[in-house]
Amino acid sequence: MKVGVLGSGDVAKVLAGGFLKHGHDVMIGSRSAAKLADWQAQNPKGRVGTFAETAQFGELVVLAVKGGAAMEALQAAGGANLKGKTVVDATNPIADAPPSNGVLKFFTNLDESLMERLQRKFPEAHFVKAFNSVGNACMVNPQFKGGKPTMFICGNDDAAKKTVAGVLDQFGWETADMGKAEAARAIEPLCMLWCIRGFIRNEWIHAFKLLT
Ligand SMILES: NC(=O)c1ccc[n+]([C@@H]2O[C@H](COP(=O)([O-])OP(=O)(O)OC[C@H]3O[C@@H](n4cnc5c(N)ncnc54)[C@H](OP(=O)(O)O)[C@@H]3O)[C@@H](O)[C@H]2O)c1
């Protein structure tokens, strides 16, 4: 697939690297190409572009920017460039405030997730929440003694979720489809739970698994 990854942070770089590793064609996007000069040097097969060029390039688009800037980044990417496309939403609505006893603060509430806001603003894109509830070091083919971890996903479009489940399969994850966009109200806060162990114990290599 042609994959456009919006973002220049660790998550964007790690996921872009994962897509390259699995044989996809990748463009990664930022407001400032200079931020991605090292990534480009290390990944000569990948391309670097603006948010708009990256969204236009991708058949699949990955959103990996700061949660508070997600709307702005998608506006820069351009609604027309997202139309009909699957958008893997790895963002979390983390507020600009310090955690309290290791518990992050969100700028959303339990009746409205960030992904629902984005889906409402860009109704022709097919958002799928994924990769938000694990650290970037464990996103691509992680190895855990407890076996394959579970990625909780949700979104309104079944075909888009199938595409993302295929990606997760390549990236070494089990997929648990939790339903429509509203489920992001529960999946986004998994990031808070995941981070508590990091803040309190300084342990950052772990993931969730759904046992049935
Ligand atoms: N860090 C992790 O391990 C982890 C794990 C799971 C999920 N997440 C989530 O994944 C997302 C990315 O996290 P990250 O740590 O890689 O990076 P980050 O520091 O949260 O975000 C950096 C990105 O945000 C963009 N950005 C910031 N302000 C902007 C604005 N005003 N307008 C447009 N874009 C703006 C930057 O764009 P430019 O490139 O143009 O500067 C950059 O690409 C976040 O939502 C985070 O909560 C992170």
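Provided above is the structure to which this section pertains.
Note that the structure is a prediction, hence the values are computed from the model and not measured. (Residues numbered from 1 in each chain as written. Predicted model: local features only at pLDDT ≥ 70, side-chain atom pairs only at ≥ 80, totals over all residues. Heavy atoms only, no water.)

With respect to the sheet that holds strand S5 (residues 86-89)
Phase 1 of the analysis: The strand order across the open sheet built from 6 strands is S3-S2-S1-S4-S5-S6, with neighbouring strands paired in parallel fashion. The outermost strands of the open sheet, each flanked by one partner alone, are strand S3 (47-49) and strand S6 (126-129). Within this sheet the neighbouring strands show an average axis-to-axis angle of 25°, counted without direction.
Phase 2 of the analysis: Pairing of strand S2 (residues 25-29) with S3 involves 3 bridges; the strand directions are parallel. Among the inter-strand pairings, glycine 29 is bridged to a residue of S3, identified as glycine 49. (Pairing = 2+ DSSP bridges. Helix = DSSP H or I, 4+ residues; strand = E, 2+ residues; numbered from the N terminus. Axes fitted to C-alpha atoms, helices over the stretch in contact; angles between N-to-C directions.)

Some remarks on the nonpolar core
Soluble globular proteins: nonpolar side chains tend toward being buried together.
Phase 1 of the analysis: Val5, Phe19, Phe131, Met151 and Phe171 are the most contacted members of the largest nonpolar core, which totals 37 residues.
Phase 2 of the analysis: Mapped onto this core, the elements with two or more residues apiece are strand S1 (2-6), helix H1 (10-21), S2, strand S4 (60-63), strand S7 (150-153), helix H7 (158-170) and helix H9 (190-201).
Phase 3 of the analysis: Element by element, the count of residues in this core is highest for H1, at 5 residues.
Phase 4 of the analysis: What methionine 151 contacts, discounting residues up to four positions off in sequence, is Ala130, Phe131, Val134, Leu168, Trp173, Glu174, Thr175 and Ala176. (Core = buried A, V, L, I, M, F, W, Y, C linked by side-chain atoms within 4.5 Å. Buried < 20%, exposed > 50% of the residue type's maximum accessible area, 1.4 Å probe, protein only. Contact = heavy atoms within 4.5 Å.)

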